[in-house]
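Architecture at a glance
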Amino acid sequence: MSPVCPVHKAMEMRSRVQAGVRRRALEVHEEVPILVLSREDDEAVRALNVMQKIVTLETGMCVREFPVFGVLEGVFVMGFIDELSYDERGQLVLSELKTRRQMSIPRPAQIKRDGLQVRLYMLLFNGMISGSVSKSDITDHLGLQAGRALGTDVLNHARAMGVQADTFGTLLEVMLRRLALSNVRPPAHLRLQYCHQGSGDPIGTEDVPFEEPALRAELQGYLAYWTGNREARGVDIEDAWKCQSCHYQASCEWKKNNFPTAHSHEKP
């Protein structure tokens, strides 16, 4: 029997995860097929989804797969919030669902990584509802044409929602204005929810603290590497298990000098 290609295995895992995400979204949302004819149409559908889900949040209901985007430290960042819902006190909760093979809460290093994701989503979401995102942020960073006419399907769907816009740029202006005028408040809580990958049984939850100055300082450090402005740094001791799957471990001088026993650490 031939060995399983790691790339194919990763693609299969990603497909299963994406299918699960879609199933969760369809539990609270109706899927509407829309024919897109351009990249601008594709982003226009994202903008329509944002407007529709903001209305849902204003009624006090739960939304899933909420698109977030914006410029952080000069870099355009995009993502999808897994779930936004209200608790018993009427406070907005931003939640991210994570699956695990083991029936246990992950180690602090993994919780820290997952926490960074939800903190970034919080920062992006707050920027959107506060009016900090501009039309040029989207068109310039994604290389899109504001003056491109919307495709027929997108145009019809926008009009059915009561949105009057003929071009991509006009639709962006409507979306950004709608966000800025929304009465949705910033999330009061950030939460990680862990469940078992096979059975779907809940494992536990972790609340994530949010301090914007600390997050921005941390983000600047990561982006300095991403933009080529600093050298790579080695992982922390609790993340040493990652060296097992690193393509550069055989030639890594930092690992040899600082983590001679890194290979003995098991994945959490």
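Rules and cut-offs
- Residues numbered from 1 in each chain as written.
- Predicted model: local features only at pLDDT ≥ 70, side-chain atom pairs only at ≥ 80, totals over all residues.
- Heavy atoms only, no water.
- Helix = DSSP H or I, 4+ residues; strand = E, 2+ residues; numbered from the N terminus.
- Buried < 20%, exposed > 50% of the residue type's maximum accessible area, 1.4 Å probe, protein only.
- Contact = heavy atoms within 4.5 Å.
- Areas by Shrake-Rupley, 256 points an atom, 1.4 Å probe, with all protein chains shown as cover.
- Pairing = 2+ DSSP bridges.
- Axes fitted to C-alpha atoms, helices over the stretch in contact; angles between N-to-C directions.
- Polar contact = N/O pair within 3.5 Å; in protein donor to acceptor, adjacent residues only side chain to side chain.
- Expected span 1.5 Å × (residues − 1).
- Disulfide = S-S within 2.5 Å.
- Parallel < 35°, antiparallel > 145°, perpendicular 65-115°, else oblique.
- Left-handed = near helix turned anticlockwise from the far one by under 90°.
- Nonpolar A, V, L, I, M, F, W, Y, C, P; charged D, E, K, R; others polar.
- Salt bridge = Lys/Arg side-chain N within 4 Å of Asp/Glu carboxyl O.

1. Examining the overall build of the chain
Scanning the chain from N- to C-terminus turns up eight helices and five strands. Tracing the chain from N to C terminus, the helices and strands come up as α-α-β-β-β-α-α-α-α-β-β-α-α. The proportion of buried residues among the 268 residues of the chain is 40%. Considering only contacts in the chain between residues 6 or more positions apart, those separated by 24 or more positions represent 64%. For the chain, the exposed surface amounts to about 15,800 Å²; the carbon and sulfur share of it is 52%.

2. Description of the sheet that holds strand 1 (residues 63-72)
Sheets are built from strands paired through backbone hydrogen bonds, the pairs being either parallel or antiparallel. Within the open sheet, the five strands sit side by side as 1-2-3-4-5. Their pairing is mixed. At either margin of the open sheet sits one strand with a lone partner, and together these are strand 1 and strand 5 (202-208). If you compare each strand with its neighbour and ignore which way they point, the axes differ by 40° on average. Bridge count for strand 3 (residues 92-100) against strand 4 (residues 189-196) is eight bridges, and the pairing is parallel. Directly across from V93, in strand 4, lies its bridge partner H189. Of the strands in this sheet, strand 1, strand 2 (75-86), strand 3, strand 4 and strand 5 touch helix 3 (residues 108-129), which is tilted by about 80° from strand 1.

3. Side note on the pairing of strand 4
Pairing of strand 4 with strand 5 involves six bridges; the strand directions are antiparallel. Across the sheet, C195 pairs through a bridge with P202, a residue of strand 5. If you look at the hairpin formed by strand 4 and strand 5, you'll find five residues sitting between the two strands, and G200 has a positive phi there, around 80°.

4. Comments concerning the environment of E40
Within the secondary structure, E40 is located in helix 2 (residues 39-58). Once the C-alpha coordinates of E40 and L142 are considered, the two residues, 102 residues apart in sequence, prove to be 9.7 Å apart. Among the polar contacts made by the side chain of E40, one reaches the main-chain amide nitrogen of Q145 at a distance of 2.9 Å.

5. Digging into helix 7 (residues 212-226)
Compared with an ideal rise of 1.5 Å per residue, which puts 15 residues at 21 Å, helix 7 spans 20 Å between its outermost C-alpha atoms and is within 8% of the ideal. Here helix 7 has its buried residues at L215, L219, G221, L223 and A224. Where the residues of helix 7 are buried, they touch strand 1, strand 2 and helix 3.

6. Comments concerning the state of the cysteines
Taken as a whole and assessed by the stated rule, the structure comprises zero disulfides. Of the cysteine sulfurs around C252, a residue in no disulfide, the closest is that of C246, at 6.6 Å. Accessibility expressed as a relative area gives 24% for C252, which makes it partly exposed.

7. Observations concerning the pairing of strand 1
Counting buried positions over the ten residues of strand 1 gives nine, a clear majority of the element. With nine bridges connecting them, strand 1 and strand 2 associate as antiparallel partners. In the sheet register, V68 faces strand 2, and the bridge partner there is G79.

8. Some details on the packing of helix 2 against helix 6 (residues 168-180)
It is at 10 Å that the axes of helix 2 and helix 6 come closest, and there the two elements cross at 20°. By the angle class used here, helix 2 and helix 6 are roughly parallel. As helix 2 runs across helix 6, the sense of the crossing is left-handed. Along the contact surface, helix 2 presents E40, E43, A44, A47, L48, V50, M51, I54, V55 and E58, while helix 6 presents F168, L171, V174, M175, R178 and L179. Across the contact of helix 2 with helix 6, the residue classes tally to twelve nonpolar, no polar and four charged.

9. Regarding unusual backbone geometry
Despite not being glycine, E65 shows a phi value in the positive range, around 55°. In this fold, E65 is placed in strand 1. Here E73, not a glycine, exhibits a phi torsion of approximately 55°, which is positive. Mapped onto the elements of the fold, E73 is located in the loop between strand 1 and strand 2.

10. What to know about the pattern of salt bridges
All told, the structure shown has twelve salt bridges when counted by the stated rule. E218 is the salt-bridge partner of R119, the closest N and O atoms lying 2.7 Å from each other. Here R119, found in helix 3, pairs with E218, found in helix 7; they are 99 residues apart in sequence, far enough to count as distant. The network of salt bridges with shared partners includes E73, E212 and R216.

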